[in-house]
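# Chain and residue survey
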Amino acid sequence: QVQLVESGGGLVQPGGSLRLSCAASGFTLDDYAIGWFRQAPGKEREGVSCISSSDGSTYYADSVKGRFTISRDNAKNTMYLQMNSLKPEDTAVYYCAADAGYCSAVSWDYWGQGTQVTVSS
């Protein structure tokens, strides 16, 4: 009933672009803060980007600022992460998440299954 389903991952060359999507079911994304996280092998999960549910403010990790854009489509109940100028260090499993609170939430309510992004030539 309540789930987030991700798509859009894959293999891309350095400098290329990908758009990840995350479709929500069983709840309305517009009522939640939404975020993207990633985890590379042997590394801790890190926050990539987030949109606050209250005022729509966006936040980005320094490593992706200027290259990635987070957005949501309320009509489709779907969130997106547009990734441009991809670098090999962007390679990771990417997860979408939603929380009834704030981008600064300690624990997020819902998580997607993850989608692999590999940046390599």
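Above this text sits the structure in question.
Overview of the structure. (Residues numbered from 1 in each chain as written. Predicted model: local features only at pLDDT ≥ 70, side-chain atom pairs only at ≥ 80, totals over all residues. Heavy atoms only, no water.)

## Observations concerning the state of the cysteines
To keep things clear, this is the line we draw: Here, two cysteine sulfur atoms that lie within 2.5 Å of each other are counted as a disulfide. Secondary structure elements follow DSSP: runs of H or I no shorter than four residues count as helices, runs of E no shorter than two count as strands, and numbering proceeds from the N terminus.
Per the stated rule, a full pass over the model turns up two disulfides. The side chain of C22 participates in a disulfide bridge whose partner is C96; the two sulfur atoms lie 2.0 Å from each other. The S-S bond linking C22 to C96 shows a torsion near 55°; that makes this disulfide right-handed. With a gap of 74 residues between them, C22 in strand β3 (residues 18-25) and C96 in strand β9 (residues 92-99) connect regions that are remote in the sequence.

## Digging into the pairing of strand β7 (residues 68-73)
What counts, and what does not: Any two strands with at least two DSSP bridges between them are considered paired.
Strand direction decides the pairing type here: β7 and strand β8 (residues 78-83), joined by six bridges, are antiparallel. Each bridged residue has a counterpart across the sheet, and for T69 the counterpart in β8 is Q82. Turn length for the β7-β8 hairpin, with the two strands adjacent in sequence and antiparallel, is four residues, and the turn residue N77 shows positive phi of about 55°.

## With respect to the nonpolar core
Inclusion rule: Each nonpolar core is a collection of buried residues, namely Ala, Val, Leu, Ile, Met, Phe, Trp, Tyr and Cys, held together in the definition by side-chain atoms within 4.5 Å. Burial classification: accessible surface area is computed with a 1.4 Å probe over protein chains only, and a residue below 20% of its type maximum counts as buried, one above 50% as exposed, and the rest as partly exposed. Only heavy atoms matter for contacts: two residues are in contact if any of them lie within 4.5 Å across the pair.
One finds L4, L29, W36, F68, L81, M83 and Y94 to be the most contacted residues of the largest nonpolar core, which totals 28 residues. Of all the elements in the fold, those that place two or more residues in this core are β3, β4 (33-39), β5 (46-51), β7, β8, β9 and β11 (115-119). Leave out the neighbours within four places in its chain, and F68 touches R38, V48, Y60, L81, Q82, M83, N84, L86, D90 and Y94.

## Comments concerning the sheet that holds β3
What counts, and what does not: For helices, the axis comes from a line fit to the C-alpha atoms of the stretch in contact; other axes are also lines fit to C-alpha atoms, and the angle between any two N-to-C directions lies between 0 and 180 degrees.
Taken in spatial order, the four strands make up an open sheet running β1-β3-β8-β7, and their pairing is antiparallel. Only two strands of the sheet have a single neighbouring strand rather than two, namely β1 (3-7) and β7. Adjacent strand axes in the sheet meet at a mean angle of 15°, parallel and antiparallel pairs treated alike.

## A look at the packing of aromatic side chains
Going by this rule: To pair, rings of Phe, Tyr and Trp, with the six-membered ring standing in for Trp, must have centres within 6.5 Å; the planes then decide the type, stacked if under 30 degrees apart, edge-to-face if over 60, and tilted in the middle.
On inspection of all chains with the given rule, the structure shows six aromatic pairs. Between the aromatic rings of Y32 and Y110, the centroid separation amounts to 5.8 Å while the plane-to-plane angle is 50°, which identifies the pairing as tilted. Here Y110 lies in strand β10 (residues 110-111) and Y32 lies in the loop between β3 and β4, a separation of 78 residues in the sequence. Y32 sits in the buried class, given a relative accessible area of 13%. The class of Y110 is partly exposed, set by a relative accessible area of 26%. Judged by centre distance (4.9 Å) and plane angle (50°), the rings of F37 and W111 are tilted.

## Let's talk about the pattern of salt bridges
In plain terms, the rule: A pair is scored as a salt bridge if a Lys or Arg side-chain nitrogen falls within 4 Å of a carboxyl oxygen belonging to Asp or Glu.
Tallied over the full model, the rule gives three salt bridges. For the salt bridge of R38 with E46, the shortest nitrogen-to-oxygen distance reads 2.7 Å. According to the relative accessible area criterion, E46 is partly exposed, its value standing at 31%. Of the charged contacts in the structure, one is a salt bridge between D90 and R38, with a shortest N-O distance of 3.0 Å. With D90 in the loop between β8 and β9 and R38 in strand β4, this pair connects stretches of sequence that are 52 residues apart. For R38, a relative accessible area of 5% gives the class buried. One network of salt bridges, with partners in common, ties together R38, E46, R67 and D90.

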